[in-house]
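Listed below, chain by chain, are the residues.
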Amino acid sequence: MNNIRYYRLDKKISKYMLAKQTGLTYKTISNAEDCCTDVKISTLRRIADALGVGVEDLVEDME
């Protein structure tokens, strides 16, 4: 999920701030970025909404 990190940094949002905006834990955000666990679609939707992007933007390969 490096796309999460890309969009988060592009918007100058910390992991803590993204967690607060989504209602998710810091660990969930960190795990999603680091691909430590499978991420639920509902979690991706919350992250995408907070970042102002579509879920497809978070899961597509970035060149």
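## Some remarks on the nonpolar core
1) Next: Among the nonpolar cores identified, the biggest contains 14 residues, and I4, L18, I29, I47, L51, V53 and L58 are the most heavily contacted of them.
2) Next: Looking at this core, the elements that each hand over two or more residues are α1 (2–10), α2 (15–22), α3 (26–34) and α4 (41–51).

## Things to note about the packing of aromatic side chains
1) Next: For the structure shown, the criterion picks out two aromatic pairs.
2) Next: Seen in terms of ring centroids, Y16 and Y26 are 4.3 Å apart; in terms of plane orientation they differ by 20 degrees. Their pairing is stacked. Of the two residues, Y16 is situated in helix α2 and Y26 in helix α3; the sequence distance between them amounts to ten residues.

## Things to note about the packing of α2 against α3
1) Next: Running from amino to carboxyl end, α2 crosses α3 at an angle of 115 degrees, the nearest separation of the two axes being 8 Å. If you check the angle between α2 and α3, you find them roughly perpendicular. Where α2 crosses over α3, the two elements pack in a sense that is right-handed. Along its contact with α2, which presents K15, Y16, L18, A19 and T22, the element α3 presents Y26, I29, S30 and E33.

Each value, and the rule that gives it
Residues numbered from 1 in each chain as written. Predicted model: local features only at pLDDT ≥ 70, side-chain atom pairs only at ≥ 80, totals over all residues. Heavy atoms only, no water. Core = buried A, V, L, I, M, F, W, Y, C linked by side-chain atoms within 4.5 Å. Buried < 20%, exposed > 50% of the residue type's maximum accessible area, 1.4 Å probe, protein only. Helix = DSSP H or I, 4+ residues; strand = E, 2+ residues; numbered from the N terminus. Phe/Tyr/Trp six-rings, centres within 6.5 Å; stacked < 30°, edge-to-face > 60°. Axes fitted to C-alpha atoms, helices over the stretch in contact; angles between N-to-C directions. Parallel < 35°, antiparallel > 145°, perpendicular 65-115°, else oblique. Left-handed = near helix turned anticlockwise from the far one by under 90°. Contact = heavy atoms within 4.5 Å.

Everything listed here is a matter of coordinates, which is why it stays silent on function.
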